[in-house]
Number of protein chains: 2
Amino acid sequence: MMQLNETHDVNLRSWVSAANEADCDFPIQNLPFAVFRRKGSDEAFRGGVAIGDQVVDMARVAEQNLLTGKCAEAAAACAEPTLNRFMSMGQEYASALRLALSMALREGADRALENCLIPMDQVEYDLPAVIGDYTDFYTSIHHATSVGKLFRPDNPLLPNYKWVPIGYHGRSSSIGVSGQEFRRPKGQTKAPDAAEPSFGPCKRLDYELEMGIYIGKGNAMGDAIELDQADEHVFGFCLFNDWSARDIQAWEYQPLGPFLAKNFASTVSPWIVTLEALAPYRAAWTRDESDPQPMPYLESDANRAAGAFDIELEVLIETPKMKAEGTPAQSVSLSNFRHSYWTVAQMVAHHTVNGCNMKPGDFFGSGTQSGPEHKEAGSLLELSNGGKQPITLANGEQRTFLEDGDTIIMKGWCVKEGAARIGFGHVASTVLPAN
Amino acid sequence: MMQLNETHDVNLRSWVSAANEADCDFPIQNLPFAVFRRKGSDEAFRGGVAIGDQVVDMARVAEQNLLTGKCAEAAAACAEPTLNRFMSMGQEYASALRLALSMALREGADRALENCLIPMDQVEYDLPAVIGDYTDFYTSIHHATSVGKLFRPDNPLLPNYKWVPIGYHGRSSSIGVSGQEFRRPKGQTKAPDAAEPSFGPCKRLDYELEMGIYIGKGNAMGDAIELDQADEHVFGFCLFNDWSARDIQAWEYQPLGPFLAKNFASTVSPWIVTLEALAPYRAAWTRDESDPQPMPYLESDANRAAGAFDIELEVLIETPKMKAEGTPAQSVSLSNFRHSYWTVAQMVAHHTVNGCNMKPGDFFGSGTQSGPEHKEAGSLLELSNGGKQPITLANGEQRTFLEDGDTIIMKGWCVKEGAARIGFGHVASTVLPAN
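Keep in mind that what you see is a predicted model, and the values were worked out from it rather than measured.

Peer 1: Quick question: what am I supposed to make of the UniProt feature "domain: Fumarylacetoacetase-like C-terminal" (unreviewed entry) in chain A here?
Peer 2: UniProt annotation of "domain: Fumarylacetoacetase-like C-terminal" (unreviewed entry) refers to residues 137-431 of chain A when read in the numbering used here. Between the end C-alpha atoms of residues 137-431 of chain A the distance is 24 Å, and the span holds 15% helix and 29% strand.

Peer 1: Any chance you could explain the UniProt feature "binding site: Mg(2+)" (unreviewed entry) in chain A here in plain terms?
Peer 2: Residue and element names in this part refer to chain A. UniProt's entry tags Asp 242, Lys 262 and Ser 266 with the feature "binding site: Mg(2+)" (unreviewed entry), counted in the numbering of this structure. With the annotated positions falling across 25 residues, the maximum pairwise C-alpha distance of 7.7 Å places them together in a single cluster. Mapped onto the secondary structure, Asp 242 falls in the loop between strand 14 (234-241) and strand 15 (244-245). Accessibility expressed as a relative area gives 1% for Asp 242, which makes it buried. With residues up to four places along the chain from it excluded, the contact list for Asp 242 reads Tyr 134, Asp 136, Tyr 168, Tyr 207, Glu 208, Glu 210, Lys 262 and Ser 266. Looking at the element boundaries, Ser 266 is found in strand 16 (residues 266-268). Those residues in contact with Ser 266, other than ones at most four positions away along the chain, are Tyr 134, Ser 174, Ile 175, Gly 176, Gln 180, Phe 240, Asn 241, Asp 242 and Trp 243.

Peer 1: Before we go on, may I ask you to explain the domain arrangement of chain A in this structure?
Peer 2: Many authors give the size of an interface as the accessible area that is lost as the parts come together. Residues and elements named next belong to chain A. In terms of domain boundaries, chain A breaks down into domain 1 (6-126) and domain 2 (134-432). Taking only C-alpha atoms into account, the centre of domain 1 sits 28 Å from that of domain 2. Each partner contributes residues to the interface: domain 1 has 30 residues there, and domain 2 has 30 residues. In this assembly, domain 1 packs against domain 2 so that about 2,300 Å² is buried in total across both faces, 63% of it on carbon and sulfur atoms. Our count for the domain 1 to domain 2 interface comes out at 2 salt bridges. In this structure, the salt-bridge partner of Glu 276 is Arg 98, at a minimum N-O distance of 3.8 Å. Summed over the shared surface of domain 1 and domain 2, the number is 13 residue pairs in polar contact (both at pLDDT 80 or more).

Peer 1: Looking at this model, I keep getting lost on the packing of helix 2 (residues 69-78) of chain A against helix 4 (residues 91-105) of chain A. Mind explaining?
Peer 2: Residues and elements named next belong to chain A. Two numbers describe how helix 2 lies on helix 4: the axes approach to 8 Å, and their chain directions differ by 100°. Put simply, helix 2 runs roughly perpendicular to helix 4. Each of Lys 70, Cys 71, Glu 73, Ala 74, Ala 75 and Cys 78 in helix 2 lies in contact with helix 4, whose residues at this interface are Glu 92, Tyr 93, Ala 96, Leu 97 and Ala 100. Across the contact of helix 2 with helix 4, the residue classes tally to 8 nonpolar, no polar and 3 charged.

Thresholds applied
- Residues numbered from 1 in each chain as written.
- Chains lettered and ligands numbered in written order.
- Predicted model: local features only at pLDDT ≥ 70, side-chain atom pairs only at ≥ 80, totals over all residues.
- Heavy atoms only, no water.
- UniProt positions renumbered as here; feature names shortened; annotations may be inferred.
- Helix = DSSP H or I, 4+ residues; strand = E, 2+ residues; numbered from the N terminus.
- Buried < 20%, exposed > 50% of the residue type's maximum accessible area, 1.4 Å probe, protein only.
- Contact = heavy atoms within 4.5 Å.
- Domains from an automatic or database assignment.
- Buried area = accessible area lost by both parts, 1.4 Å probe.
- Salt bridge = Lys/Arg side-chain N within 4 Å of Asp/Glu carboxyl O.
- Polar contact = N/O pair within 3.5 Å; in protein donor to acceptor, adjacent residues only side chain to side chain.
- Axes fitted to C-alpha atoms, helices over the stretch in contact; angles between N-to-C directions.
- Parallel < 35°, antiparallel > 145°, perpendicular 65-115°, else oblique.
- Nonpolar A, V, L, I, M, F, W, Y, C, P; charged D, E, K, R; others polar.

What follows is the structure, given as structure tokens:
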């Protein structure tokens, strides 16, 4: 389990002054990674590190030979157009680079990185990695229960839920980075009272508020990753919107799971917050006494003590009317990743217990992170009680599901006394009318 | 729809004499693609084309500038260590290269390719493409019905089956090429009469006999591929063994589908038979009159006339005892891809109707291709009636499910009067004991 070290010191300040603002997502204690280039340019994409309102251009850092040893190797990997090779190097390299950047960006350092900075508002992002395989989990018991009630009123939470970290494979080709716009999907749907299905644009388009998890170092096929080794294989977290077509899903999902209801688009935030940056926000993982104890491969003292993460999550909606009137996006839900019934380490241990091999850059969705309260639900399906009770926005507009032109914005951050704020930035994406 | 042309002429013969044998899988009318190198060498993998008992080394063809125009461009792409770029070029390039190779390998040609040949028994194979996304379909109604009976006795064939070409996403990282050996997976299982699940090696390990389908040219996100355009996006077919852990599957698969029961290993045959080579074996696609007519996006005259493929499929088992005694592998099942309830074109049209984007090298499994007769079942689950009735092999051994050391071999071929035999070679892989 990752220890706190000097890079987490709440008193550290950066010579990049915006990094020292109280509400900044990217203080010197964070240092998340993305892949970027100057907006509208045809430059090669390369890795960058966020500091305040600036991006450290890792290609430029690598070029200038500002670092040595493991840090130089890590920086060279970060200079590539995807972070897969950097991710493959494991925690040791990511940690060495983090320390070097922390030292170089601190108040009092020599500002050798100054000519490597590009203002964040002048960049655009790409996917930070080639995602080989994407797996979506289902780790919020609150989401599983309330969605289960809608799909299977008599049988909401299936008997395997408290034993198995339920997951299924998703589509990587349609994962895009924040800013993604996508067409409302068309497909087959069947009204409960209809004799036959019909075809047309999805009428129950929804978002899902998830954490995204990037795998770092992989494992060989046949070799399970043990629970207490899982951290060694997790590169970091981002925000993730797993767009969902509820009416398509209801008709297609049995017996083999969601397919076209999910694979038309999914959106990640550009910045990946490393596991090390999140160390101060680890939290105890607990179960109700009445819940079954996990099987041995999903159980350890370290996972009990600090397997969870205390990450605040928020969903905002910006409707075409709000855009036209210039009113800000409105929050519709607040939740927290600590409510997850299964930890990230348990996801990794479960996914590999059968010998399945992970590759650097592989991606997990956590599943929709609904909290225990109704208002903490991570999807409109839940907030609107299956489309029966529209939510009313401050400007009087109502939504049961998403309309064309709606933009969904998700934010995430960690705050507590005695630690620096660690922010995720945001992921925003917009529904276009069906083709 | 692909027309027959001179490359299909049954009377064509090659100066590679083994290609002219009646039972040869790789006559001059076939010309399938693989990625290979000399066995045991550290040569770079590159594309190759099968002819008789030889492999045409496409890197050598490209080097020697033996082709011109589109054929030269295609050959250069084939010389790469994966065929993704060649696949992305589309039918026009694959077809031009096929014609050029057909002409160069014919009896009477100048044998300029002679120094590009490597005996097939001296090569080893790699995956022919980087598979970005792998989707497994479920297109055999015979399989769906008999497996449905075992998992849901009261509800075998779900109401969506005859409307929706059911599919789900699979794991690409654990797909290997023929020769793959893998550890028996471990996982959670729950006996029907047990109060709680238990953990251990899979006790109901099974194969699934499938066709594999490689996507050629992709589509942009948001743009559906129309049924009658689907052929333009299909590169070719191979044999595919979708290994399955039935006991793990039964406990985990609800509500989101199979996961660890499938993602520990899947095996493809090395050779990809192109859609053009299969043109003589297209077959009419029919439905029972009592079945619902397909929705318009899944219906066309061309698909009715020739959407199916007449491909014989066979499963053989080679047990450790057979290996020790030197007796040949024994056939346990014969089936045919023409029984598929949905065509490959319908799979493509359905997968993209919501705007989902395909990339060159993406892969579909057809789903287990069980025929209408019990003996044509494509899995042991079906042949043994859910493990209740072991099958007896000629040497007296019995199997309900697979044992450690068992090798499963799948073969595929097309034969008919007036056309050349088109073979797929085989896919073989072996179960190792659990870790």
